[in-house]
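# Observations on the model geometry
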Amino acid sequence: MTNSDPTALPDPWQSLHKLLAAMDAEIEQVYVERGIEGVRPRFAYPLIRLAHTGPLTIRELAESLDRSHSAISQTVAAMRKEGLVTSEPGPDARTRRIDLTERGRSLVPFLEAEWRATHATVAELDAEIPYALTTVVEEVRRALEHRSMRQRILHHLVEPAG
């Protein structure tokens, strides 16, 4: 342990985390205002995908959404708790097939409309700010392809003696 607490410094990620959480909360408020309870914005992508593909295993769903198995597994558990999806044994003992419930299926038209409206909103925001967020994200991704986050951290890492 060192004498200075590095967590006492401002967290460079905090403003981004707060912004994303605030935007998600506002999307969720749109749902609540329309009487849709228990649905989080992170449910929209997998629910819409399942409506278009039919039942998928968690692995298939994760791959189709370019998300981690763990993240989708947690999302599926939360959606199952809200009565949006079912989970049945898959082709082998280690897999589960995920499908929409009637409730989940009934929400898809609204979720698709909200998805499109959210994308239009992001495009609108990109036009209003000096640096389009989508462009900045792509530039950060390219910079990290050139020199990874890990490489950059290791360049700055001063390990304690001992």
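About the cut-offs
Residues numbered from 1 in each chain as written. Predicted model: local features only at pLDDT ≥ 70, side-chain atom pairs only at ≥ 80, totals over all residues. Heavy atoms only, no water. Pairing = 2+ DSSP bridges. Helix = DSSP H or I, 4+ residues; strand = E, 2+ residues; numbered from the N terminus. Core = buried A, V, L, I, M, F, W, Y, C linked by side-chain atoms within 4.5 Å. Buried < 20%, exposed > 50% of the residue type's maximum accessible area, 1.4 Å probe, protein only.

### Brief notes about the pairing of strand E3 (residues 96-100)
Of the strand pairs in this sheet, strand E1 (residues 56-57) and E3 are connected by two bridges, and their pairing is antiparallel. Its bridge partner being in E3, Leu56 is matched across the sheet by Ile98. Once strand E2 (residues 85-89) ends, the chain turns through six residues before running back antiparallel as E3.

### Some remarks on the nonpolar core
Grouped together as the largest cluster of nonpolar side chains are 25 residues, with contacts concentrated most on Val39, Leu47, Val76, Val85 and Leu111. Within the residue set of this core, elements represented by two or more residues are helix H1 (14-33), helix H2 (41-53), helix H3 (58-65), helix H4 (69-81), E3 and helix H5 (102-128). The element best represented in this core is H2, accounting for five residues.

### Overview of the sheet that holds E3
The strand order E1-E3-E2 describes an open sheet built from three strands, whose pairing is antiparallel. Unpaired on one side and paired on the other, E1 and E2 mark the two borders of the sheet. In this sheet, E3 lies alongside E2 in antiparallel orientation, the contact comprising five bridges. Paired with Pro89 across the bridge in E3 is Arg96.

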